[in-house]
Amino acid sequence: MNHTKIVLVGAGLSCAIIGNKLAQAGYKVTVFESRNHIAGNCYTERDSQTDVLVHTYGPHIFHTDDKEVWDFVNDLTEFKPYTNRVKTTSQGAVYSLPINLHTINQFFGKSFTPNEAQDFIESVADSSIKEPQTFEEQAMRFIGKDLYEAFFKGYTLKQWGIHPSNLPASILKRLPVRFNYDDNYFAHKYQGMPANGYNEIVEKLLDHENIEVILNKEFKRDMADNFDHVFFSGPLDSYFDYELGRLRYRTLDFVKEIHQGDYQGTAVMNYGDENVPYTRITEHKHFSPWEEHDNSVVYKEYSRQCEDGDIPYYPVKFNSGNELFEKYVQLANAQNKVSFVGRLGTYQYLDMDVTIRKALNAAEHALKALSAGLPLPAFFE
Ligand code: UDP
């Protein structure tokens, strides 16, 4: 047994992975979790009324190109094949996302072939924009005004609370435009859904004799004195009691409804119109198409600025958001025994596979440094 005392704050994917690797190497670790459950935002639970498996903190679909990460999660729980196919409602009609040949043909009332569609989109796009900087320029350059206004302008305003002309092009670049009928939302090699939800992944990682998990326990900075090292996966600014001000986030409100039968026929329906107040509706039973349920749980999803006490979801890192973050990075670097990890600790929007990859790398780095008696960095590469 190694006598170095390690504390991990937050029982989500990041700390579960780092904690597991350290525990396996003989370190005694304590995990503090402020919620009454593990698994962070990928927590899933059965709804008591309908027995539907619900993604409590919003839809989580696993997709990755990283074979090692895919094997890692498959070793921990059973994954079933699942392909994310998103629909969107705009001006009373339903279309397929990401924009593909079906979307284009339906939207413009055409029957274009792939080449014809490409020529047509090029003719309606604004080719005078050479190097798009903003979300809006990226949209005008690659899909043109009509598709942009139908599917992206209103949705993005609702999602970010910022006009697309003030958002970076990188946000839209997450989504492809396809000139074939491929309506798979993700272009990754591996995609699936855990048969019984995500919790088992985190449960198994934390199930080790060297790991103690304490739920309902808020971590305070002065508690660090009792440990040799802290891995902190809570919000970076919260560690410093927001002393420089609050990092900006969007939070989400999920308004839950129970319906009989099939509510919308698919898992995710986006709403492109600005005057529909929610961004999307998630119908959870469609995330487990191998199950049968008479009734259904839907979440209407509303996005707004994150205030004190809200759950932070999307970092708003654009414009001046990044400057405050850089100041917190300086504060973090001045600590000598805290490493900030995960989505909130590093103030980054991370998909689950990237979170796992980063945590695996951090654990490897940490183990090497600890065994060599070297200090751990505030942030891992
Ligand atoms: N987006 C949109 N309409 C849609 C879906 C996405 O305008 O129907 C925009 C929105 O600004 C979003 C971005 O495209 O933040 C990236 O989409 P993605 O599905 O990756 O969103 P996220 O996973 O960030 O919610």
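Within each chain, residue numbers correspond to sequence positions counted from 1 in written order. Local features in this predicted model are restricted to residues of pLDDT 70 or higher, and side-chain atom pairs are both shown and tallied only at a pLDDT of 80 or more, whereas totals for entire chains, interfaces and linings draw on every residue. Side-chain figures throughout are based on the complete set of non-hydrogen atoms in the structure, without hydrogens or water.

If you look the protein up in an unreviewed UniProt entry, it shows as UDP-galactopyranose mutase from Vibrio nitrifigilis. UniProt positions are given in the numbering used here, feature names are shortened, and annotations may be inferred rather than shown by experiment. Its UniProt record, at the heading Cofactor (unreviewed entry), says of the protein: "FAD". According to its UniProt record, the protein has this under Sequence similarities (unreviewed entry): "Belongs to the UDP-galactopyranose/dTDP-fucopyranose mutase family."

Q: Before we move on, could you go through the overall build of the protein and cite the residues and values that matter?
A: Secondary structure elements are defined from DSSP: runs of H or I of at least 4 residues count as helices, runs of E of at least 2 residues count as strands, and each element is numbered from the N terminus. Along the backbone of the protein there are 12 helices and 17 strands. When contacts within the protein are restricted to residue pairs at least 6 apart in sequence, long-range pairs at least 24 apart make up 72% of them. Counting only carbon and sulfur atoms, one obtains 45% of the accessible surface of the protein, whose full area is about 17600 Å². When charges are counted, Lys and Arg contribute as positive and Asp and Glu as negative, whereas His and the chain ends are disregarded. By convention, the point assigned to a charge is CZ for Arg, NZ for Lys, CD for Glu and CG for Asp. When the 38 positive and 52 negative side-chain charges of the protein are each reduced to one mean point, those points stand 2 Å apart. Two residues qualify as a contact provided that any one of their heavy atoms is within 4.5 Å of a heavy atom in the partner residue. For the area figures, the Shrake-Rupley method with a 1.4 Å probe applies, and any residue is considered shielded solely by the protein chains shown.

Q: I'd love a proper account of the packing of helix α5 (residues 135-142) against helix α6 (residues 145-160), names of residues and values included.
A: To characterise two packed helices, one gives the angle between the axes of the helices and the distance between these axes. Note on definitions: angles span 0 to 180 degrees between N-to-C directions of axes, and those axes are lines fitted to C-alpha atoms, for helices only across the stretch in contact. It is at 9 Å that the axes of α5 and α6 come closest, and there the two elements cross at 155 degrees. The angle between α5 and α6 places the two elements in the roughly antiparallel class. Crossing of α5 against α6: the hand is right-handed. Of α6, the residues touching α5 (which contributes F135, E136, A139 and M140) are K145, Y148, F152 and T156. Residues are sorted three ways: Asp, Glu, Lys and Arg are charged, Ala, Val, Leu, Ile, Met, Phe, Trp, Tyr, Cys and Pro are nonpolar, and all the rest, Gly among them, are polar. By residue class, the composition of the contact of α5 with α6 is 5 nonpolar, 1 polar and 2 charged. Each angle gets one of four labels, with under 35 degrees taken as roughly parallel, over 145 as roughly antiparallel, 65 to 115 as roughly perpendicular, and the rest as oblique. It is the rotation of the near helix from the far one that decides the hand of a crossing: anticlockwise by less than a right angle makes it left-handed, clockwise makes it right-handed.

Q: Provide a residue-level description of the pattern of salt bridges, including the pertinent values.
A: Should a side-chain nitrogen of Lys or Arg be within 4 Å of a carboxyl oxygen of Asp or Glu, the pair is scored as a salt bridge. Tallied over the full model, the rule gives 20 salt bridges. Across the pair D308 and R246 runs a salt bridge, and its minimum N-O distance is 2.7 Å. Pair noted here: D308 is in the loop between β15 (295-305) and β16 (314-315) and R246 is in the loop between α9 (236-239) and β12 (249-260), with a separation of 62 residues, a long-range link. For each residue, the accessible area found with a 1.4 Å probe, counting protein chains only, is set against the maximum for its type, and the residue is called buried under 20%, exposed over 50%, and partly exposed in between. The exposed category is assigned to D308, whose relative accessible area is 63%. R304 is paired through a salt bridge with D253; the nearest N and O atoms lie 2.7 Å apart. Residue R304 is found in strand β15, and its partner D253 is found in strand β12; the two are separated by 51 residues along the sequence. Because the salt bridges share partners, they merge into one network encompassing D66, E68 and R357.

Q: Can you lay out the UniProt feature "domain: UDP-galactopyranose mutase C-terminal" (unreviewed entry) in the protein for me, pointing to particular residues and giving the numbers?
A: The feature "domain: UDP-galactopyranose mutase C-terminal" (unreviewed entry), as given by UniProt, occupies residues 150-349 in the numbering adopted here. Between the end C-alpha atoms of residues 150-349 the distance is 25 Å, and the span holds 22% helix and 24% strand.

Q: Explain the sheet that holds strand β11 (residues 229-232) to me, using residue names and the numbers behind them.
A: The strand order across the open sheet formed by 5 strands is β10-β2-β1-β11-β17, and the pairing between neighbours is parallel. Sheet topology places β10 (211-214) and β17 (338-340) at the edges, where each strand pairs with a single neighbour. Geometrically, the sheet is characterised by an average inter-axis angle of 20 degrees between neighbouring strands, direction not taken into account. The rule for pairing is simple: two strands pair if DSSP sees at least two bridges between them.

Q: Would you mind going over the state of the cysteines in detail, with residue names and values included?
A: When two cysteine sulfur atoms are found within 2.5 Å, that pair is recorded as a disulfide. Under the defined criterion, the tally for this structure stands at 0 disulfides. Cysteine C42 is unpaired, with the sulfur of C15 as its nearest cysteine sulfur at 13 Å. No disulfide involves C306; its sulfur sits 19 Å from the nearest other cysteine sulfur, which is in C42. A relative accessible area of 16% means that C306 is categorised as buried.

Q: Describe the packing of helix α3 (residues 101-108) against α6, naming the residues involved and giving the relevant values.
A: Two elements in contact, α3 and α6, have axes separated by 12 Å at closest approach and are oriented at 105 degrees. Relative to α6, α3 is oriented roughly perpendicular. Residue-level inspection shows T103, F107 and F108 of α3 in contact with α6, the latter providing D146, L147, A150 and F151. Broken down by class, the residue content of the contact of α3 with α6 amounts to 5 nonpolar, 1 polar and 1 charged.

Q: Any details on helix α1 (residues 13-24)? Residues and values, ideally.
A: Because each turn of an α-helix spans 3.6 residues, side chains separated by three or four positions end up pointing in the same direction. Helix span, as expected, comes to 1.5 Å for every residue beyond the first. Over its 12 residues, α1 runs 16 Å from end to end, which matches the ideal 16 Å to within 8%, given 1.5 Å per residue. Counting buried positions along α1 gives 10 out of 12 residues, so the element sits mostly inside the fold. Burial in α1 covers these residues: L13, S14, C15, A16, I17, I18, G19, N20, L22 and A23.

Q: Give a description of the environment of D351 that names residues and reports values.
A: Looking at the element boundaries, D351 is found in the loop between α11 (342-345) and α12 (352-371). For the pair D351 and V338, spaced 13 residues apart in sequence, the C-alpha separation works out to 23 Å. Other than its neighbours up to four places away in sequence, D351 contacts H63 and R174.

Q: Describe α3, naming the residues involved and giving the relevant values.
A: Every buried residue of α3 is accounted for by L101, T103, I104 and N105. Buried residues along α3 sit in contact with β8 (93-97), α4 (114-124) and α6. N or O atoms closer than or at 3.5 Å make up a polar contact, with two conditions inside protein: a donor-capable atom paired with an acceptor-capable one, and, for residues adjacent in sequence, both atoms drawn from side chains. Taking the backbone nitrogen of H102 as reference, a side-chain oxygen 2.8 Å away marks N100 as the first, capping residue of α3.

Q: So what about the pairing of strand β7 (residues 86-90)? Which residues, and what values?
A: Buried residues dominate β7, accounting for 4 of its 5 residues. In this sheet, β8 lies alongside β7 in antiparallel orientation, the contact comprising 5 bridges. Residue S90 lies in a different strand from β8, and its bridge partner there is A93. What sits between β7 and β8 in their antiparallel hairpin is a turn of 2 residues, with Q91 showing a positive phi close to 50 degrees. As judged from the 3 bridges shared by β7 and strand β13 (residues 268-271), these two strands associate in the parallel manner. Each residue of the ladder has a partner; that of T89, found in β13, is Y271.

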